[in-house]
Amino acid sequence: MTDAVTDAGAPLLEVTDLRVEFRTGREIVHAVNGAGFRVAAGETAAVLGESGSGKSVSAAAIMRLLQSPPAFVTGGEIRFKGEDVLTMPLNHWRRLCGQEIAMVFQDALASLNPVFSVGWQIAEQFRAHGQYAGGEAGERAVDLLARVGIPDPANRAKDYPHQFSGGMRQRVMIAMAIALGPDLLIADEPTTALDVTVQAQIMELLEDLREETGMAIVLITHDLGVVADVADQVSVMYAGRVVESGRVRDVLGHPAHPYTLALLDSVPQALGKGQKLRPIVGSPPDMARIPQGCAFHPRCRFATEKCRSEAPPPVAVAPGRFAECHHAEAVFNDR
Amino acid sequence: MSGDPNMAPMIGAATAEQEAIILRERLPWWRLLMRDRFALVAALWIFVLLLCFLFGPELFGKAANALNLRGRNLPPGSIEQGWMMILGSDALGRSMLARLIVASRNTLSVALTAVVLAMVFGGVLGLIAGYVGRGVGHVIMRFADIVQSFPSLLLAVVVLYVLEPRVGNLVIVLAITRLPVYLRVTRAEVLEIRERVFVDAARALGGSRFHILSRHIAPVVAPTLLTIMTVDFAIVMLAESGLSFLGIGIQPPEITWGLMVAQGRNYLNQAWWLAFLPGVAIMLATLSANVLSNWLRIVTDPVQRWRLETPRDSDD
Amino acid sequence: MTAEAIAGDDGPILSVRGLVKHFPIGSGLSWRPETGVIRAVDDVSFDLRRGETLGLVGESGCGKSTVARTLLRLEEPTAGEAFFRGHDIFTAAEAELKEMRRRIQVIFQDPYASLNPRMRVADIIGEPWMIHPDIVPRAERPERVRALLESVGLRREHADRYPHEFSGGQRQRIGIARAMALNPQVLICDEPVSALDVSVQAQVVNLLEEIQERFGIAYIFIAHDLSVVRHMSHRVAVMYLGRIVEIGDEEQVYNRPRHPYTKALLSAEPTLDFSGAAKRQRIILEGEVPSPADPPSGCRFRNRCWKAQDICAGAAPALEDSSESGHRAACYFPEDTPG
């Protein structure tokens with residue numbers, strides 16, 4: 001994890017060996033098992049993984065949104081601008097939250113308060129952090145709505161969340177998140193529930209905002225196409241660990257981990273017409289009972305005896321790239 | 001296709017490790033009961049009541065009717081006069097304990113029958129009203145409105161006064177007054193459940209209305225009705241008590257807890273236990289029915305039950 | 001190709017003409033007249049040939065799921081006709097409808113909601129035989145259930161389990177096994193992989209393809225993921241706000257889209273192309289899909305279309321052939337490549 005070098009010195013966000021458990025009384029679910037990645041200022045870092053990979057739990061851990069119980073952070077560090085997020089005092093965190101880090105969620109309807117108007121909720125960002133008050137906060141909210149592309153913002157600011165379509169609601173959430181000009185925006189599956197044309201609009205909006213303000217984006221998604229489109233860096237997660245990371249072109253164009261390779265082989269975009277899709281055999285593991293050794297070994301076509309017993313260390317297959325696999329070199333050269 | 005056993009798998013067969021499913025050890029119901037202390041106590045109490053119901057009048061009938069004019073209105077708590085008097089005695093010196101046990105049969109049979117009748121008829125009407133809707137549904141709902149708009153006690157009084165206050169009539173009247181609740185709740189649940197995708201799937205398979213109602217909708221509604229039944233239990237017992245007090249419920253020498261409460265009202269100052277103890281009996285019966293029904297809800301719902309079971313490492 | 005022939009053995013297995021479905025707005029119980037109507041499906045016609053897959057794509061609100069539900073008679077159509085091998089679907093009486101339901105089956109989008117959580121997998125897959133008892137004798141059913149399970153890549157012992165013990169992809173396969181129990185000739189797949197993870201989608205898609213190859217079942221494959229539709233379909237119909245705006249062979253529609261909406265849709269799809277070429281050519285549509293309760297007059301796409309002229313607000317354009325036969329678009333200014 002620590003070999004993922006990005007440019008320009010200290011990273012904006014650094015997650016190291018994060019471990020999160022869910023204790024349900026009957027068993028322990030190891031949602032995150034030693035995940036780590038870095039985000040440099042101004043870049044878009046994607047965390048790519050399927051259900052159960054631990055990507056959303058990691059994001060929630062970074063934003064200190066996990067409820068304890070049943071979730072417990074049992075190891076690792078999260079550093080934002082060098083400060084330890086997990087141990088800092090709550091009021092210090094509250095100040096950072098919104099002003100320097102913000103988050104956008106998948107389901108805007110569930111994340112917005114249904115009984116307050118959209119303009120009020122955005123203005124609340126300002127009021128809560130002591131910037132602007134009253135009327136001026138309201139005006140700034142309208143400005144923000146215009147910035148994110150909502151037509152007729154002055155009137156729409158008085159509307160309630162359910163009066164907006166899915167794409168518009170997502171824009172509202174983005175407006176709320178960027179209101180105070182954060183340096184880092186975490187977007188958890190921001191476009192998964194949206195149509196493809198709306199998805200394109202939202203991703204373009206995020207790109208524009210990033211260029212304009214220089215903020216970094218952590219994009220959590222399962223959509224390979226979105227990652228290929230907008231991200232600079234990608235960390236691929238499986239069963240709670242980051243199994244491969246590096247620049248997007250490199251990782252997706254020339255993978256070094258069997259899981260990434262298999263994932264790329266399984267999408268229709270990867271094929272010529274008439275070829276059959278090549279799915280990954282089986283299903284993701286039960287996170288309460290992760291296989292010994294390498295978590296992916298039951299489904300991996302490169303698996304050997306070693307993979308069943310020993311957890312693979314990170315292997316640097318090229319500068320700035322690594323993969324956690326005993327056979328990383330073989331996979332890398334397999335193309 | 002339809003499952004020709006000679007047909008090869010269409011996609012690669014996976015090993016158990018590859019196609020992991022989240023396993024739990026299947027526990028038999030009595031193990032689950034042992035785990036839940038409250039439910040266990042409730043089940044034991046209900047078992048005791050069952051024994052009283054089956055054997056009470058035969059074993060304790062004599063003691064319940066044995067007059068003992070020297071031991072009248074004995075307070076509970078002492079066994080000077082014998083074990084029978086541990087809960088005291090009434091105005092005629094009869095053992096409270098024996099009378100409570102004997103009365104359980106009538107009480108439980110009236111209450112259970114009334115509640116079950118209300119649930120069955122109310123539930124069926126609710127299923128029809130919810131699933132068929134339109135004209136039939138409207139008619140059924142208006143019927144429920146009419147029944148509910150009569151004060152139930154008044155309705156009972158009128159009916160029982162006109163007809164004889166026989167046990168059968170009493171049960172029917174009690175059932176009718178409780179019916180609308182089951183009807184409405186069932187209908188409301190049916191309206192929601194019938195929109196679910198697995199109901200669509202069953203319709204697309206060609207399932208008749210009856211098939212869908214019985215296999216998909218009724219099992220989902222049943223737990224809710226079960227819970228209402230346990231609460232209704234107490235309501236019916238107390239309603240019966242009120243009617244008995246008015247003299248149109250159970251007639252002496254037949255005895256129920258409700259009638260005992262009614263009879264004991266006049267002696268609240270001198271002999272509080274005459275009304276209190278049967279009241280406690282009603283409360284304990286309802287409480288255990290309630291606790292046990294909560295446990296039953298969990299046990300009969302595969303998803304909830306699964307959460308109570310312990311995880312295991314391998315398949316059967 | 002899209003023959004209007006009455007279905008003999010050569011004709012289309014499923015034929016839809018002028019399908020219309022409107023939903024009234026406002027409570028069905030009130031005495032007031034309807035305050036408005038949602039025009040979910042407005043004049044949709046297409047044929048489905050034996051053994052082929054017709055992809056039906058479009059975004060939310062375009063009416064594709066409503067088309068499916070109406071064909072299955074989970075909803076009653078407002079107008080229009082549909083024929084399965086010559087038999088009228090919409091006017092079929094109960095007995096005939098039940099018989100038709102053996103032949104036209106469905107897989108739903110949500111693997112978590114489409115299986116009754118209180119039923120064991122064996123009962124779920126065996127339910128079709130309970131409803132149609134003459135297909136498989138009772139004694140043979142348990143074994144057939146297990147064979148069906150194995151054929152979709154699950155394990156025999158899974159038959160005693162409950163749906164919540166399985167993952168999304170596994171549940172979807174259980175749903176497929178259930179649909180296949182009746183040996184259907186048409187399978188309507190309503191967004192079967194949208195709710196699944198990427199790698200799991202491939203399993204289900206392969207399974208569906210395998211089934212089609214072996215049993216010659218015709219599919220109506222409804223999805224919003226263009227790449228999956230492209231992979232699976234022989235022909236594709238693109239829907240927008242209740243109407244089909246373009247229909248043709250998969251190769252024609254994807255490589256030479258004629259309708260502006262199809263072009264925009266295709267360009268918006270994220271690709272795994274790193275050269276950035278796709279991105280530069282991307283058409284970002286303005287605005288949002290209008291409400292189906294109040295669609296624009298004439299061509300419904302006109303207020304987001306960069307080619308719109310006055311004529312587009314008048315009569316709605318009909319699906320017209322181009323020089324390529326069978327490749328039709330409903331537009332007054334289609335993107336026709338010359339020659």
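Residues numbered from 1 in each chain as written. Chains lettered and ligands numbered in written order. Predicted model: local features only at pLDDT ≥ 70, side-chain atom pairs only at ≥ 80, totals over all residues. Heavy atoms only, no water.

**Some points on helix 1 (residues 64-71) of chain C**
All names here are of chain C. The buried fraction of helix 1 is high, at 6 of 8 residues. Among the residues making up helix 1, those that are buried are Lys64, Thr66, Val67, Ala68, Thr70 and Leu71. Positive backbone phi, at 55 degrees, marks Arg73, one or two positions downstream of helix 1. (Buried < 20%, exposed > 50% of the residue type's maximum accessible area, 1.4 Å probe, protein only. Helix = DSSP H or I, 4+ residues; strand = E, 2+ residues; numbered from the N terminus.)

**Section: the pairing of strand 7 (residues 184-188) of chain A**
Residues and elements named next belong to chain A. Within strand 7, 5 of the 5 residues are buried, leaving the element largely enclosed by the surrounding structure. Burial of the side chains of strand 7 extends over both faces: Leu184, Ile186 and Asp188 are buried on one face and Leu185 and Ala187 on the other. Note: strand 6 (residues 101-104) against strand 7, 4 bridges, orientation parallel. Along strand 7, the bridge assignment pairs Met103 with Ile186. Here 5 bridges tie strand 7 to strand 8 (residues 216-221), and the two strands are oriented parallel to one another. The residue bridging Ala187 from the neighbouring strand is Leu219, located in strand 8. Of the crossover connections in this fold, the one passing from strand 7 over helix 8 (residues 196-213) to the parallel strand 8 is right-handed. (Pairing = 2+ DSSP bridges. Right-handed = clockwise from strand over helix to strand, strands pointing away.)

**Digging into the interface of chain C and chain A**
In this complex, chain C contributes 37 residues to the contact, which on the side of chain A involves 41 residues. For the chain C and chain A pair, buried surface summed over both sides reaches about 3,400 Å², with 53% attributable to carbon and sulfur atoms. Where chain C packs against chain A, one counts 0 salt bridges. Applying the counting rule to chain C against chain A returns 7 residue pairs in polar contact (both at pLDDT 80 or more). Elements supplying a minimum of two residues to the side of chain C that touches chain A: helix 5 (168-180), helix 6 (198-215), helix 7 (226-232) and helix 9 (260-268) of chain C. (Contact = heavy atoms within 4.5 Å. Buried area = accessible area lost by both parts, 1.4 Å probe. Salt bridge = Lys/Arg side-chain N within 4 Å of Asp/Glu carboxyl O. Polar contact = N/O pair within 3.5 Å; in protein donor to acceptor, adjacent residues only side chain to side chain.)

**What to know about the sheet that holds strand 2 (residues 36-48) of chain C**
Residue and element names in this part refer to chain C. An order of 2-1-4-5 is seen for the 4 strands of this open sheet, with the pairing classed as antiparallel. At either end of the open sheet lies a strand with only one pairing partner, and these are strand 2 and strand 5 (87-88). Sheet topology note: the strand 1 (residues 14-25)/strand 2 ladder contains 10 bridges and is antiparallel. Across the sheet, the residue bridging to Leu14 is Leu48, located in strand 2.

**A closer look at the sheet that holds strand 10 (residues 241-247) of chain A**
All names here are of chain A. Spatially, 6-7-8-3-9-10-12-11 is the arrangement adopted by the 8 strands of the open sheet, whose pairing is mixed. Either end of the sheet is taken by a strand with one partner, and the two such strands are strand 6 and strand 11 (314-318). On average, each strand axis in the sheet is tilted by 20 degrees relative to the strand beside it, whichever way the strands run. Relative to strand 10, strand 9 (residues 233-238) runs antiparallel, the two sharing 6 bridges. Following the sheet pairing, Tyr238 is matched in strand 10 by Arg241. Where helix 8 meets the sheet, it contacts strand 3 (44-48), strand 7 and strand 8, and its direction lies at approximately 155 degrees from that of strand 8. (Axes fitted to C-alpha atoms, helices over the stretch in contact; angles between N-to-C directions.)

**Thoughts on the pattern of salt bridges**
All chains considered together, the criterion is met by 52 salt bridges over all chains. One salt bridge connects Arg79 of chain A with Glu77 of chain A, and the closest N-O pair in it is separated by 3.2 Å. Where Glu212 of chain A meets Arg147 of chain A, a salt bridge forms, and the shortest distance between an N and an O atom there is 2.7 Å. You can see Glu212 of chain A sitting in helix 8 and its partner Arg147 of chain A sitting in helix 5 (residues 134-147), a full 65 residues away along the chain. With a relative accessible area of 51%, Glu212 of chain A lands in the exposed category. Each of Asp200 and Arg203 of chain B together with Arg69 and Glu75 of chain C takes part in salt bridges that share partners, so that together they form one network.

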